[in-house]
Amino acid sequence: MAEMQTATTIAQLRMLVSCAKKAGSKIGFVPTMGALHEGHMSLAHEARKHCDFVVVSIFVNPMQFGPDEDFHRYPRPLLDDLKLCTDAGVNLVFNPSVEEMFPADFTTVVEVNGLTNNLCGKSRPGHFKGVTTVVMKLFGQVQPDAAYLGQKDAQQALVIKRMARDLDLPVDIVICPTLREADGLAMSSRNRYLSSEQRSVAPLIFKSLCLLKEEMGLGKHKLISQYREDLLKRLEAIPKALIDYIEIVDADSLEVLQTMSGALLVAVAIRLGNTRLIDNIIINTSA
Ligand code: PAF
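Since this is a predicted model, take the numbers as computed values, not measurements. (Residues numbered from 1 in each chain as written. Predicted model: local features only at pLDDT ≥ 70, side-chain atom pairs only at ≥ 80, totals over all residues. Heavy atoms only, no water.)

Turning next to the overall build of the protein chain. Each helix and strand in the protein chain was counted, giving ten helices and nine strands. Rg of the C-alpha trace for the protein chain: 19 Å, near the compact-globule value of 19 Å for 287 residues, within the 12% margin. In terms of its C-alpha atoms, the protein chain occupies a principal-axis envelope of roughly 60 × 40 × 40 Å. Considering the protein chain as a whole, with its 287 residues, one finds that 53% of them fall into the buried category. Contacts in the protein chain between residues far apart in sequence, at least 24 positions, make up 72% of those at least 6 positions apart. A total of about 13,900 Å² of accessible surface is found on the protein chain, and carbon and sulfur atoms cover 53% of it. A gap of 2 Å separates the mean positions of the 31 positive and 33 negative side-chain charges of the protein chain. (Helix = DSSP H or I, 4+ residues; strand = E, 2+ residues; numbered from the N terminus. Rg over C-alpha atoms; globule rule 2.2 N^0.38 Å. Buried < 20%, exposed > 50% of the residue type's maximum accessible area, 1.4 Å probe, protein only. Contact = heavy atoms within 4.5 Å. Areas by Shrake-Rupley, 256 points an atom, 1.4 Å probe, with all protein chains shown as cover. Lys, Arg positive; Asp, Glu negative; His and termini not counted. Charge placed at Lys NZ, Arg CZ, Asp CG, Glu CD.)

Written out as structure tokens, the structure is:
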């Protein structure tokens with residue numbers, strides 16, 4: 001297999017992708033902020049299975065972080081990331097600078113309304129505007145046939161899917177399952193911030209979601225608000241956890257539900273110290 005290539009400018013990226021396209025390759029794209037883990041690599045593997053040329057972007061996007069968030073301390077282990085990409089058979093890593101992506105006179109934003117009103121959109125104002133703007137730019141630069149996103153960021157995946165549909169972008173958005181550690185904790189670049197004490201209680205987040213799913217499956221006919229209350233109690237019992245949000249919403253529209261019908265997305269964001277973790281589970285009530 002040919003050696004993995006890297007590009008730091010848009011011009012280099014375009015040149016390398018256009019060579020691949022001229023050779024008839026289907027382009028698969030995995031947008032990331034680096035600090036790669038097995039979850040990201042599962043997206044690259046999926047892209048590898050269905051595409052001939054796989055591009056991974058590594059760019060910590062300042063536009064999607066709030067002023068008090070972790071932009072500056074976000075991990076940037078570039079050499080480790082490149083090694084993982086090489087091992088996964090990635091063809092090209094695009095790792096631009098902030099100046100390359102957002103020159104000083106950059107003024108355009110891309111915003112998806114509605115879907116961004118609740119969950120992370122509510123607790124991180126401006127976050128999704130930053131995500132959709134950078135992803136739109138990346139799609140314009142890479143011009144992929146398919147882009148691979150993780151279900152862990154369920155709202156992000158739906159928002160990007162809607163953006164692609166609304167703006168008629170010729171890219172398939174493929175949403176892949178969340179990868180978990182052996183104890184159930186959803187893989188995340190931010191897990192590396194956790195102290196050993198925080199790490200030991202973090203799996204209780206997924207455990208609580210699974211218990212909720214089990215309870216709903218028992219068909220006890222509780223109100224959604226009661227299930228939410230039960231989940232809140234469980235999550236509040238996690239030592240030193242602060243609840244950012246707990247929502248039970250329609251899995252497609254993300255609208256808050258009053259009655260149990262169709263596929264529900266149960267999504268939570270929990271703070272353990274300075275680290276904000278998100279996770280979710282889909283529950284099909286008609287199954
Ligand atoms: O999920 C992420 O890592 C980021 O939000 C993304 C999609 C790469 C945009 O910066």
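Here we come to helix 1 (residues 10–22). Because an α-helix packs 3.6 residues into every turn, residues spaced three or four apart end up facing the same way. Taking 1.5 Å per residue, 13 residues should reach 18 Å; helix 1 reaches 18 Å between its end C-alpha atoms and fits that length. Of the residues making up helix 1, those classed as buried are Ile 10, Leu 13, Leu 16, Val 17 and Ala 20. For helix 1, the angular spread of buried residues about the axis comes to 135°, placing them on one side. Away from its buried face by more than 90 degrees, helix 1 exposes Ala 11 and Lys 22. In the stretch just after helix 1, Gly 24 is the one whose phi turns positive, near 85°. (Expected span 1.5 Å × (residues − 1). Arc of directions from axis to C-beta.)

Our next topic: the packing of helix 9 (residues 203–217) against helix 10 (residues 224–236). At their nearest, the axes of helix 9 and helix 10 sit 10 Å apart, and the two run at 155° to each other. Considering their axes alone, helix 9 and helix 10 lie roughly antiparallel with respect to each other. The handedness of the crossing between helix 9 and helix 10 comes out as right-handed. Judged by residue contacts, Leu 204, Ile 205, Ser 208, Leu 209, Leu 211, Leu 212, Glu 215 and Met 216 of helix 9 engage Tyr 227, Asp 230, Leu 231, Arg 234 and Leu 235 from helix 10. When the residues that make up the contact of helix 9 with helix 10 are grouped by side-chain class, the tally is nine nonpolar, one polar and three charged. (Axes fitted to C-alpha atoms, helices over the stretch in contact; angles between N-to-C directions. Parallel < 35°, antiparallel > 145°, perpendicular 65-115°, else oblique. Left-handed = near helix turned anticlockwise from the far one by under 90°. Nonpolar A, V, L, I, M, F, W, Y, C, P; charged D, E, K, R; others polar.)

Within strand 3 (residues 53–58), six of the six residues are buried, which leaves it mostly tucked inside the rest of the structure. Burial of the side chains of strand 3 extends over both faces: Phe 53, Val 55 and Ser 57 are buried on one face and Val 54, Val 56 and Ile 58 on the other. Across six bridges, strand 2 (residues 27–32) lies against strand 3 in parallel orientation. Each residue of the ladder has a partner; that of Gly 28, found in strand 3, is Val 54. As a crossover connection, the stretch from strand 2 through helix 2 (residues 38–50) into strand 3 is right-handed. Relative to strand 4 (residues 92–94), strand 3 is paired through three bridges, and the arrangement is parallel. For Val 56, the partnering residue across the bridge sits in strand 4 and is Val 93. Tracing the backbone out of strand 3, into helix 3 (residues 78–87) and back to the parallel element strand 4 gives a crossover that is right-handed. (Pairing = 2+ DSSP bridges. Right-handed = clockwise from strand over helix to strand, strands pointing away.)

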